[in-house]
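# Coordinate analysis (summary)
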Amino acid sequence: MLAQPPQWIPLCSAHELRRDFRDLVLRATLVSAPLESSAWAALRDQPLDVLWSRHGPPCCAKLAAAVLTIAPDANAVLLIARSAVQEVAGELPAADPIGTNLRRLLRGEMLQVTSAVLVPFDDRVKPAIGWVGDWPESERLLAQLARLADETLPVLVRGETGTGKEMVARAAHVLGRRRDKPFLAINCAELPETIVESELFGHVRGAFTGAAVDRLGLFEAAGEGTVFLDEIGELAPATQAKLLRVLEEHRVRRVGSSQPRPLSCRVLAATNRELTKEIGSGRFRADLFYRLRGSEIVLRPLRERREDVVTLAELFVSRAALRFGRMPITLGEDAVLALLSHDWPGNIRELRQVIEVAVLACSSGRLVAEHLGLTASAPCGPDSSAPLLTARAVERAHILRALVSTAGNKMAAARILGLSRQSLQRRMIRHGIMPPAENGARDPDSLPGSGAATGRKAGYGKQLQ
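## Some remarks on the sheet that holds strand β13 (residues 266-271)
- Spatial ordering of the open sheet is given by β7-β10-β13-β6-β14, a layout of five strands whose pairing is parallel. Two strands in the sheet have a free side with no partner beyond their single neighbour: β7 (183-187) and β14 (295-298). Within the sheet, the average angular offset between the axes of one strand and its neighbour, ignoring direction, is 20°.
- With four bridges joining them, strand β10 (residues 226-230) and β13 adopt parallel strand pairing. Bridged to Phe 228 within β13 is Leu 268.

## Digging into the pairing of strand β1 (residues 7-11)
- With four of five residues buried, β1 is to be regarded as a mostly interior element.
- Where β1 and strand β3 (residues 76-81) come together, five bridges link them in parallel fashion. Bridging across to β3, Ile 9 finds its partner in Leu 78.

## Regarding the nonpolar core
- If you look at the biggest cluster of nonpolar residues, it comprises 81 residues, and the most contacted ones within it are Leu 102, Leu 339 and Leu 372.
- Examining the composition of this core, we find that ten residues originate from one element, helix α14 (residues 309-323), more than from any other.
- Excluding residues within four positions of it along the chain, Leu 372 makes contact with Ala 335, Ala 338, Leu 339, Val 354, Ile 355, Ala 358 and Leu 367.

## Things to note about the packing of aromatic side chains
- Applying the stated criterion to the full structure yields three aromatic pairs.
- Here Phe 183 and Phe 228 contribute two aromatic rings whose centre-to-centre distance is 6.1 Å and whose plane-to-plane angle is 25°, an arrangement assigned as stacked. In this pair, Phe 183 is assigned in strand β7 and Phe 228 in strand β10, connecting sequence segments 45 residues apart. Phe 228 matches Phe 183 in its accessibility class, with the two residues each being buried.

Rules behind the numbers
- For every chain, the first residue of the written sequence is number 1, and numbering continues from 1 onward in sequence order.
- Given that this is a predicted model, residues contribute local features only at a pLDDT of at least 70 and side-chain atom pairs are listed and counted only at 80 or more, while totals for whole chains, interfaces and linings are drawn from all residues.
- Note: side-chain values were computed over all heavy atoms of the structure, leaving out hydrogens and water.
- For two strands to count as paired, DSSP must find a minimum of two bridges between them.
- Numbering of helices and strands runs from the N terminus, with a helix taken as a DSSP run of H or I at least four residues long and a strand as a DSSP run of E at least two residues long.
- The axes are straight lines fitted to the C-alpha atoms, using for helices just the contacting stretch, and the angles between their N-to-C directions are given from 0 to 180°.
- Partly exposed describes any residue whose relative accessible area lies between the buried limit of under 20% and the exposed limit of over 50%, with all areas from a 1.4 Å probe on protein chains only and scaled to the type maximum.
- Remark: nonpolar core denotes a set of buried residues (Ala, Val, Leu, Ile, Met, Phe, Trp, Tyr, Cys) joined through side-chain atoms within 4.5 Å.
- In what follows, a contact means two residues having at least one pair of non-hydrogen atoms within 4.5 Å.
- Aromatic pairs are defined between Phe, Tyr and Trp rings, using the six-membered ring for Trp, whenever the two ring centres lie within 6.5 Å; interplanar angles under 30 degrees are classed as stacked, those over 60 as edge-to-face, and all others as tilted.

Laid out in structure tokens, this is it:
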């Protein structure tokens, strides 16, 4: 095995596979390793049920040895969710070269491009939804998704723009029995009011001017799959009333038809609005809200999950560097401080965009604050007009960096910072890095951002079993 193991880069979203990694898949070629190779078999048969964490899978040594035996010059492994591969491959014709490579991945073959290898992993074995980071509530979210996956009740996902609502909805689909059925998403805010009913419910020929043929709506087209209604708070009141009837009766009536048709799809919805306020102002129906909220998932904004910022940034740097052929790139300390100092009003989507632009601007292997273009990260000297960070923000960022460097071990981080363990815990509570203990029920050794207390060996986040 080489001294430097490859970097593990997870990719769980079909949207990102279509948008960002098409060219990478197109350029990839089959790894030239004998089929009887034990290394090949080890990779082909390994269930890579990974939820991204700071340190990657704990069985890195075995898998890295297998990768490097087959592809000695590999410095990265792109782990692509099998559900994403299936979804994108199913959209492409048999002769499409991208579809051909994706179907090779589904057969268990391994592809290589430049200094990276592409391997599929089964995201149905564990909740591997691409929800990266060390957010303390991640474990609870994943457990909730696992409970809801096979239910038929609607699910309402609430959160600000860019917090990952569609990602969570796709996870609820992938983890359940409908995983091999269609997942059809529609953004209600993008549809003109004149055609939204036709898109959702379908129409019959002659229902209106231009309706030359019968047309299936989204609910019928989904079959036994899932319909995801993004930004449902944007629907007009008349459409809300028709949607409520669909959810109540599990039947749909096409525009211009008097014949209802049975439905078997599941409905998931998302909004960035406070629907209770919308109900009070008369813009959203209360009965539809209560019908949709069979179960509710609330996603917190990134500014309330600052312990996740560096983890997410490192992931996006790895993906962007691989995509643009600039592997490897690392985050400099000033870049980390700048990232932690920003409030991220656009949440994860804004962070990803900032990182992608920064990677393009970076001409070396180290990404610094200047590449990020964030106002708060500008160097502040005696003659600088840029605003200084508050002492509170600097202390919080310094504590997070110490925790990052020790994989969440508070005792080790306290030694680095020159504090007692108790003093560090008090400061972590004050800065919102760790919630205060409630009635002594919280394990004092639980790690910030690791979900349930799993002990120091668990490190930051969940890892391969």
